[in-house]
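Chain residues, written in single-letter form:
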Amino acid sequence: LFGLCHFHSLMLERKKFGALGYNMKYPFSSGDLRDSASVLYNYLEGSTSVKIPWEDLRYIFGDIMYGGHIVDNWDRRMCERYLQYFMQDELLDEMEMIPYA
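Parameters and conventions
- Residues numbered from 1 in each chain as written.
- Predicted model: local features only at pLDDT ≥ 70, side-chain atom pairs only at ≥ 80, totals over all residues.
- Heavy atoms only, no water.
- Helix = DSSP H or I, 4+ residues; strand = E, 2+ residues; numbered from the N terminus.
- Buried < 20%, exposed > 50% of the residue type's maximum accessible area, 1.4 Å probe, protein only.
- Contact = heavy atoms within 4.5 Å.
- Salt bridge = Lys/Arg side-chain N within 4 Å of Asp/Glu carboxyl O.
- Arc of directions from axis to C-beta.

Asks: Outline the side chain of His8, listing residues and values.
Replies: Within the fold, His8 resides in helix 1 (residues 2-15). Given the relative accessible area of 5%, His8 is considered buried. What His8 contacts, discounting residues up to four positions off in sequence, is Ser29, Ser30, Asp32, Leu33 and Tyr66.

Here you go:
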């Protein structure tokens, strides 16, 4: 959930920069985070696996929940890269959340 919240904040923050942040305006909102958190809870609650299905979660958030708004290929690639960074096992360890600061 923490990685999802951090990802959501980055997606919203990029909106503030207009054409420098995204190639188009996308209607990301707090509803996206609420719905994604609900999907995350339901998906993990129904899973019997011990291992977290990161690939499935990246697909759900990157191609469906947030990716459903994104129509530009470069913006989609950026979204996928963010999710690859935040949705991994190292997140549960002591991963640096702001690697470029």
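Asks: Would you mind going over the pattern of salt bridges in detail, with residue names and values included?
Replies: Per the counting criterion, the structure on display carries 2 salt bridges. For Asp35, the salt bridge is made with Arg34, and the minimal N-O distance between the two is 3.4 Å. Asp35 gets classed as partly exposed once you look at its relative accessible area, which sits at 34%.

Asks: Could you give an account of helix 3 (residues 54-65), with specific residues and numbers?
Replies: Burial in helix 3 covers these residues: Trp54, Leu57, Arg58, Ile60, Phe61 and Gly62. Burial along helix 3 is one-sided: seen end-on, the buried residues are contained in an arc of 170°. Buried positions along helix 3 lie against helix 1, helix 2 (30-46) and helix 4 (73-86).

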